[in-house]
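# Structural description and commentary
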Amino acid sequence: MAMSSIRFAKSLGFIDIQFGCEDGGRTEKEFLCKIMGEAIKEGATTVGFADTVGINIPQEIGELVAYIKANIPGIEDAVLAIHCHNDLGLATANAIAAVCAGVRHVEVTINGIGERSGNTPLEEFVMVLKCRGVYM
């Protein structure tokens, strides 16, 4: 279904296609790499994953991003993305860890608004980039 969806988007003329894996932070790494790799082969230009239930911690996110970058052929030709939830109060920290590990697309929301405890707040993430971006 994932690959047919990408093909359908391409048939409509879309050239910038994002493919995201819900609950990727808890998905088996091998499967996550396989489906993201297939999405890239099919034409996705951005691939990402979500910490959908906000359960991951920064070290896990950094390790997962490093694993993805090391194990998906063609990942250097795509933009790697992340979508963090704030259930443990770690959405911003997880987004920072992801960027430090190589993610280049972070999904954020104004005031962190989102289901349950929210998502990575735009204003926090922008201030991290402004004040501490040299370390990222």
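Above this note sits the structure.
Here's what I pulled together on the structure shown here. All figures in this text were calculated on a predicted structure; none of them were measured in a lab. (Residues numbered from 1 in each chain as written. Predicted model: local features only at pLDDT ≥ 70, side-chain atom pairs only at ≥ 80, totals over all residues. Heavy atoms only, no water.)

### Quick look at the overall build of the protein
The secondary structure content of the protein amounts to five helices and four strands. When the elements of the protein are put in sequence order from the N terminus, they spell out α-β-α-β-α-β-α-β-α. In terms of C-alpha radius of gyration, the protein reaches 15 Å, essentially the compact-globule figure of 14 Å for 136 residues. Expressed along its principal axes, the backbone C-alpha trace of the protein runs to roughly 40 × 30 × 30 Å. Relative to its 136 residues, the protein shows a buried fraction of 43%. Relative to all contacts within the protein whose residues are 6 or more apart in sequence, the contacts with residues 24 or more apart total 71%. For the protein, the accessible area works out to roughly 7,500 Å², and carbon and sulfur atoms hold 58% of it. (Helix = DSSP H or I, 4+ residues; strand = E, 2+ residues; numbered from the N terminus. Rg over C-alpha atoms; globule rule 2.2 N^0.38 Å. Buried < 20%, exposed > 50% of the residue type's maximum accessible area, 1.4 Å probe, protein only. Contact = heavy atoms within 4.5 Å. Areas by Shrake-Rupley, 256 points an atom, 1.4 Å probe, with all protein chains shown as cover.)

### A short note on the pairing of strand β1 (residues 18-21)
Only one face of β1 is covered, namely the face carrying Phe19 and Cys21; the face carrying Gln18 and Gly20 is uncovered. Of the strand pairs in this sheet, β1 and strand β2 (residues 46-51) are connected by four bridges, and their pairing is parallel. Bridge pairing in β2 links glycine 20 to glycine 48. Crossover β1 to β2 through helix α2 (residues 29-42) is right-handed. (Pairing = 2+ DSSP bridges. Right-handed = clockwise from strand over helix to strand, strands pointing away.)

### Some words on the packing of aromatic side chains
Enumeration over the complete set of coordinates arrives at zero aromatic pairs. If you follow lysine 29 out to its NZ or CZ, it ends over the ring of tyrosine 67, 4.9 Å from the centre. (Phe/Tyr/Trp six-rings, centres within 6.5 Å; stacked < 30°, edge-to-face > 60°. Lys NZ or Arg CZ within 6 Å of the ring centre and 35° of its normal.)

### What to know about unusual backbone geometry
Residue aspartate 23 is not a glycine yet carries a positive backbone phi of 60°. Along the polypeptide, aspartate 23 turns up in the loop between β1 and α2. With a phi angle near 60°, asparagine 111 is a residue other than glycine that sits in the positive phi range. For asparagine 111, a relative accessible area of 56% translates into the label exposed.

### Some details on helix α1 (residues 2-11)
Buried residues of α1: Met3, Ile6 and Ala9, and no others. Buried residues in α1, looked at end-on, bunch into an arc of 120°, giving them a common side. Of the residues in α1, the exposed ones pointing more than 90 degrees away from the buried face are Phe8 and Ser11. If you follow the buried residues of α1, they end up packed against β1 and α2. Glycine 13 occupies a position one or two residues after α1 and carries a positive phi of about 100°. (Arc of directions from axis to C-beta.)

### Some points on the side chain of threonine 120
Positionally, threonine 120 belongs in the loop between β4 (105-107) and α5 (122-132). With near-sequence residues (within four places) excluded, threonine 120 lies in contact with Cys84, Ala91, Thr92, Ala95, Glu107, Val108, Thr109, Gly112 and Phe125.

### Focus: a nonpolar patch on the surface
A surface patch of nonpolar side chains, about 400 Å² in accessible area, is lined by Val108, Ile110, Leu122, Val126 and Met127. Note on placement: isoleucine 110 falls in the loop between β4 and α5. For isoleucine 110, a relative accessible area of 60% puts it in the exposed group. (Patch = residues over 30% accessible without salt bridge, like charges linked within 9 Å, V, L, I, M, F, W, Y side chains within 5 Å. Salt bridge = Lys/Arg side-chain N within 4 Å of Asp/Glu carboxyl O.)

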